[in-house]
Amino acid sequence: AQSVTQLDSHVSVSEGTPVLLRCNYSSSYSPSLFWYVQHPNKGLQLLLKYTSAATLVKGINGFEAEFKKSETSFHLTKPSAHMSDAAEYFCVVSDNYGQNFVFGPGTRLSVLP
Amino acid sequence: SAVISQKPSRDICQRGTSLTIQCQVDSQVTMMFWYRQQPGQSLTLIATANQGSEATYESGFVIDKFPISRPNLTFSTLTVSNMSPEDSSIYLCSGQRGMYNEQFFGPGTRLTVL
């Protein structure tokens, strides 16, 4: 069965500094991986996805993630944090049929002025 | 992607009653799903809504408690039956076009049970 670990429940950065949100997954198959963002009282928005194409995936709002099979990781990065990036971030792995999604526990990102 | 709307956006209900949540997609999707997000928690899949047949429930969720309908490729409902305060959560529906694609989510229904 698939599972996702997000190593940090809360990350705090200063505006303009880099963001790193860590995600490790477990899957018996070549997984599809996703990062979603949830702003307070808002729905989930897809940031980016990996589906066995390029291992470095670029998403919206300057975010990117690198799929590393040897490390079973899919960490999310952004070179420079903006105040509007403050939100909850979820790493997601799909099952081997690409359907059922397993969500990680989430990482809350705070951006300090 | 597609746009998903949910009704109601929020509700406060009494213990023992039932609430039906509607999910409407603005274009056809292959798969539709229902999730629960308890306060401060991540999302947990309740079931896959299958068009024209019974929903497929995840472990810990049963049809008697969470009956689901999906009459066509753009609409689904989730009913939360015989509610208790433990059912207070955000309920989200999602759609997916084909396997291995992303899911896109509705805004959620915030349910409070007193």
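The preceding data block contains the structure.
Residues numbered from 1 in each chain as written. Chains lettered and ligands numbered in written order. Predicted model: local features only at pLDDT ≥ 70, side-chain atom pairs only at ≥ 80, totals over all residues. Heavy atoms only, no water.

1. Observations concerning the packing of aromatic side chains
Working step 1: Inspection of the entire model under this criterion finds 14 aromatic pairs over all chains.
Working step 2: Ring geometry for F63 of chain A versus Y89 of chain A: centroids 5.6 Å apart, planes at 50 degrees, classification tilted. Of the two residues, F63 of chain A sits in the loop between β7 (56–58) and β8 (64–68) while Y89 of chain A sits in strand β10 (residues 87–94), which places them 26 residues apart along the sequence.
Working step 3: What makes F63 of chain A buried here is its relative accessible area of 2%.
Working step 4: You can call Y89 of chain A buried: its relative accessible area is 1%.
Working step 5: In this structure an aromatic cluster arises from ring pairing among F34, Y36, F90, F101 and F103 of chain A together with Y35 and F105 of chain B. (Phe/Tyr/Trp six-rings, centres within 6.5 Å; stacked < 30°, edge-to-face > 60°. Helix = DSSP H or I, 4+ residues; strand = E, 2+ residues; numbered from the N terminus. Buried < 20%, exposed > 50% of the residue type's maximum accessible area, 1.4 Å probe, protein only.)

2. Details of the state of the cysteines
All names here are of chain B.
Working step 1: Under the defined criterion, the tally for this structure stands at two disulfides over all chains.
Working step 2: Between the sulfur of C23 and that of C93 lies a disulfide, 1.9 Å long from S to S. Residues C23 and C93 are joined by a disulfide whose S-S torsion is about 75 degrees; by sign, that bridge is right-handed. On the criterion of sequence distance, the pair formed by C23 in strand β3 (residues 19–25) and C93 in strand β9 (residues 89–96) is long-range, its members being 70 residues apart.
Working step 3: Owing to a relative accessible area of 0%, C93 belongs among the buried residues under this scheme.
Working step 4: For the unlinked cysteine C13, the closest cysteine sulfur is that of C93, found at 17 Å.
Working step 5: For C13, a relative accessible area of 8% translates into the label buried. (Disulfide = S-S within 2.5 Å.)

3. Here's the deal with the sheet that holds strand β7 (residues 68–72) of chain B
All names here are of chain B.
Working step 1: Strand order in the open sheet made by the four strands is β1-β3-β8-β7, with antiparallel pairing throughout. Because the sheet does not close on itself, it has two edges, and the strands there are β1 (4–7) and β7. Pairs of neighbouring strands in the sheet enclose a mean axial angle of 15 degrees, with direction left out of account.
Working step 2: Note that β3 and strand β8 (residues 75–80) share six bridges and pair antiparallel. Opposite Q24, over in β8, you have F75 as the bridge partner. (Pairing = 2+ DSSP bridges. Axes fitted to C-alpha atoms, helices over the stretch in contact; angles between N-to-C directions.)

4. So, the pattern of salt bridges
Opposite charge on two side chains permits pairing when their charged atoms draw close.
Residue and element names in this part refer to chain A.
Working step 1: Taken as a whole, this structure holds five salt bridges over all chains when the rule is applied.
Working step 2: K78 is the partner of D85 in a salt bridge, and the nearest nitrogen-oxygen pair spans 2.8 Å.
Working step 3: Judged by relative accessible area, D85 falls into the buried class, the value being 4%.
Working step 4: Of the residues examined, K78 reaches a relative accessible area of 12% and is grouped as buried. (Salt bridge = Lys/Arg side-chain N within 4 Å of Asp/Glu carboxyl O.)

5. Some thoughts on a nonpolar patch on the surface
Working step 1: Residues Y97 of chain A together with M99 and Y100 of chain B make up a contiguous nonpolar surface patch of about 330 Å² in total accessible area.
Working step 2: Relative to the helices and strands, M99 of chain B is located in the loop between β9 and β10 (103–105).
Working step 3: Given a relative accessible area of 43%, M99 of chain B falls into the partly exposed group. (Patch = residues over 30% accessible without salt bridge, like charges linked within 9 Å, V, L, I, M, F, W, Y side chains within 5 Å. Areas by Shrake-Rupley, 256 points an atom, 1.4 Å probe, with all protein chains shown as cover.)

6. Looking at the interface of chain B and chain A
Working step 1: Between chain B and chain A, the residue contacts involve 21 residues of the former and 20 residues of the latter.
Working step 2: Here chain B and chain A share an interface that buries about 1600 Å² over both sides, 51% of which is from carbon and sulfur atoms.
Working step 3: By the criterion of area lost to chain A, the three top residues of chain B are Y100, E102 and F105 of chain B, representing 33% of everything that side buries.
Working step 4: The interface formed by chain B and chain A contains one salt bridge.
Working step 5: Counting across the chain B and chain A interface gives four residue pairs in polar contact (both at pLDDT 80 or more).
Working step 6: Sorting the residues of the side of chain B that touches chain A by element identifies β4 (31–37), β5 (43–49), β9 and β10 of chain B as the ones contributing at least two each.
Working step 7: Looking at the side of chain B that touches chain A element by element, the count peaks at four residues for β4 of chain B.
Working step 8: Partitioned by chemical class, the residues of the side of chain B that touches chain A number 10 nonpolar, eight polar and three charged. (Contact = heavy atoms within 4.5 Å. Buried area = accessible area lost by both parts, 1.4 Å probe. Polar contact = N/O pair within 3.5 Å; in protein donor to acceptor, adjacent residues only side chain to side chain. Nonpolar A, V, L, I, M, F, W, Y, C, P; charged D, E, K, R; others polar.)

7. With respect to the pairing of strand β9 (residues 73–78) of chain A
Residue and element names in this part refer to chain A.
Working step 1: Examined bridge by bridge, strand β3 (residues 19–21) and β9 share three bridges and lie antiparallel to one another. Within the sheet, the bridge partner assigned to L20 lies in β9 and is T77.
Working step 2: Two strands pair when backbone bridges link them, and β8 and β9 are joined in this way by five bridges, in the antiparallel orientation. Directly across from E66, in β9, lies its bridge partner H75.
Working step 3: Between β8 and β9, which follow one another and run antiparallel, lie four residues, and T72 among them has a positive phi close to 45 degrees.

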